[in-house]
Amino acid sequence: MESKQWDVRIFISEDDNDDVTTAKAVLMTSGGERYESVAYARRNPDDPPVPSIGDELAAGRALYELAGKLMRDGAEDVAELAEHASGAW
């Protein structure tokens with residue numbers, strides 16, 4: 001059985017007022033494919049600044065979007081294989 005490793009890096013930045021947190025998730029597959037997604041978390045002006053909450057929300061949203069991209073690509077690959085198997089190519 002083949003073992004693979006895919007690495008995900010998450011880059012997080014906050015604006016100067018701690019109002020908006022940006023997270024970029026980057027996945028590199030062992031085959032060299034690169035997936036990237038960006039997401040944000042915005043602090044309610046009435047809430048105190050707690051940077052770790054913005055980090056968690058923005059990173060979670062970026063990973064969620066990244067997961068969606070992987071699922072779409074996987075579904076497209078399955079559809080292509082099904083077309084090929086049925087002789088539609």
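Residues numbered from 1 in each chain as written. Predicted model: local features only at pLDDT ≥ 70, side-chain atom pairs only at ≥ 80, totals over all residues. Heavy atoms only, no water.

Engineer: Whenever I open this one, the pattern of salt bridges confuses me. Can you help?
Structural biologist: When the charged atoms of two side chains with opposite charge come close together, those side chains can pair. Tallying each qualifying case throughout the model produces three salt bridges. Note that R34 and E36 form a salt bridge whose closest N and O atoms lie 2.8 Å from each other. The partly exposed category is assigned to E36, whose relative accessible area is 30%. (Salt bridge = Lys/Arg side-chain N within 4 Å of Asp/Glu carboxyl O. Buried < 20%, exposed > 50% of the residue type's maximum accessible area, 1.4 Å probe, protein only.)

Engineer: Where do I start with the sheet that holds strand β1 (residues 7–14) in this structure?
Structural biologist: Within a sheet, neighbouring strands are paired by backbone hydrogen bonds and run either parallel or antiparallel to one another. The sheet built from three strands is open, its strands ordered β1-β2-β3 with antiparallel pairing. Strands with a single pairing partner mark the edges of an open sheet, and in this sheet they are β1 and β3 (34–42). Taken pair by pair, the neighbouring strands of this sheet meet at an average axis angle of 15°, ignoring direction. As defined by bridge partners, β1 adjoins strand β2 (residues 20–28) across eight bridges and the pair is classed as antiparallel. Looking at the pairing, V8 lines up with L27 of β2. Running at roughly 145° to β3, helix α1 (residues 51–85) makes contact with β1, β2 and β3 of the sheet. (Pairing = 2+ DSSP bridges. Helix = DSSP H or I, 4+ residues; strand = E, 2+ residues; numbered from the N terminus. Axes fitted to C-alpha atoms, helices over the stretch in contact; angles between N-to-C directions. Contact = heavy atoms within 4.5 Å.)

Engineer: Can you walk me through a nonpolar patch on the surface in this structure?
Structural biologist: A cluster of nonpolar residues, V8, I10, I12 and L63, forms a patch on the protein surface that exposes about 290 Å² of accessible area. In terms of residue count, the dominant contributor to the nonpolar patch is β1 (three residues). Structurally, I10 is set in strand β1. Judged by relative accessible area, I10 falls into the partly exposed class, the value being 34%. (Patch = residues over 30% accessible without salt bridge, like charges linked within 9 Å, V, L, I, M, F, W, Y side chains within 5 Å. Areas by Shrake-Rupley, 256 points an atom, 1.4 Å probe, with all protein chains shown as cover.)

Engineer: Mind showing me how you'd approach the pairing of β3 here?
Structural biologist: Here is the key point about a regular strand: its side chains alternate between the two faces of the sheet. Burial of β3 is one-sided: the residues Y35, S37, A39 and A41 facing one way are buried, the residues R34, E36, V38, Y40 and R42 facing the other way are not. Bridging between β2 and β3 involves nine bridges; their strand directions are antiparallel. The residue of β3 that forms the bridge with T22 is Y40. Remark: five residues form the turn of the hairpin made by β2 and β3, two consecutive strands paired antiparallel; G32 in that turn has positive phi of roughly 95°.

Engineer: Could you clarify how one ought to interpret the layout of surface pockets in this entry?
Structural biologist: Gaps between atoms show up when a probe of the same size as a water molecule is rolled over them. Each pocket or cavity is described by its volume, and for the largest pocket that value is around 210 Å³. Along its surface, the largest pocket is lined by 16 residues, and R43, P48, V50, I53 and G54 are the ones closest to its centre. Looking at the lining of the largest pocket, the elements that each hand over two or more residues are β2, β3 and α1. Looking at the lining of the largest pocket, the element that brings in the most residues is α1, giving four residues. The residue makeup of the lining of the largest pocket, split by class, is seven nonpolar, three polar and six charged. (1 Å grid on protein atoms, 1.4 Å probe; cavity = no way out; pocket = protein on both sides within 12 Å on 5 of 7 lines; lining within 4 Å. Points joined across faces, edges and corners; volume = space filled by probe spheres on them. Nonpolar A, V, L, I, M, F, W, Y, C, P; charged D, E, K, R; others polar.)

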